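Given next are the chains, with one letter for each unit.
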Amino acid sequence: MSTVKMVEYDQASDEVKAVYDEIMKAKGIDFIPNFWKTVASHPPMLKQLWDEIGQVMAGGALDPLMKEMIALAVSATNGCDYCVNSHTAAAIAKGMTPAMHGELMAVVGFFNKTNKLSDGYQVEPDVKPNVE
């Protein structure tokens, strides 16, 4: 259950409606996802997050599918059910196959386990990246 009242489109200010319209157009959908309706309770944050996701997920050295799979991996690691579902759907829409999804979850699970072991044992780093 949300800790704030979600802002429905018909109750939104013009400022929020403008962002909502951008969201629906960019995602090719005819509804506002609950995450965006929730953060719209603070319009400046809605605008900031929408602008930021546009920059982060824009084309670059990583292709859109890879970015969605990274978002899915981080969401699974952080335990965000909403985000896991959202980014799984987006990754599938961008071409993630069931085999890719399975491998991704195997990598996530393995490295979460070994990271925790490394932290627990306080393993001192002995391999460092060469960044010249």
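Rules and cut-offs
- Residues numbered from 1 in each chain as written.
- Predicted model: local features only at pLDDT ≥ 70, side-chain atom pairs only at ≥ 80, totals over all residues.
- Heavy atoms only, no water.
- Phe/Tyr/Trp six-rings, centres within 6.5 Å; stacked < 30°, edge-to-face > 60°.
- Helix = DSSP H or I, 4+ residues; strand = E, 2+ residues; numbered from the N terminus.
- Salt bridge = Lys/Arg side-chain N within 4 Å of Asp/Glu carboxyl O.
- Buried < 20%, exposed > 50% of the residue type's maximum accessible area, 1.4 Å probe, protein only.
- Expected span 1.5 Å × (residues − 1).
- Arc of directions from axis to C-beta.
- Contact = heavy atoms within 4.5 Å.

**Describing the packing of aromatic side chains**
Within this structure, the stated rule accounts for five aromatic pairs. When the ring of Phe35 is compared with that of Tyr82, the centres are 6.4 Å apart and the planes differ by 35 degrees; the resulting orientation is tilted. In this pair, Phe35 sits in helix α2 (residues 34-39) while Tyr82 sits in helix α5 (residues 81-93), placing the two residues 47 residues apart along the sequence. A ring pair is formed by Trp36 and Trp50, whose centres lie 5.4 Å apart and whose planes are at 85 degrees; its orientation type is edge-to-face.

**Notes on the pattern of salt bridges**
Summed over all chains, the structure comprises two salt bridges. Put simply, Lys37 and Glu8 hold a salt bridge, and the shortest N to O gap is 3.2 Å. Remark: Glu8 occurs in the segment before α1 (14-27) and Lys37 occurs in helix α2; sequence separation between them is 29 residues. With relative accessibility at 11%, the residue Lys37 sits in the buried group.

**Observations concerning α5**
With 13 residues, α5 should reach 18 Å at 1.5 Å per residue; the first-to-last C-alpha distance of 18 Å fits that figure. Buried within α5 we find His87, Thr88 and Ala91. Down the axis, α5 shows its buried residues gathered within 110 degrees of arc, on one side only. Turned more than 90 degrees from where α5 packs its buried face, Asn85 and Ala93 sit exposed. Lining the buried residues of α5 we find α4 (64-78) and α6 (98-121).

Don't take any of this as a statement about function, it's just geometry.
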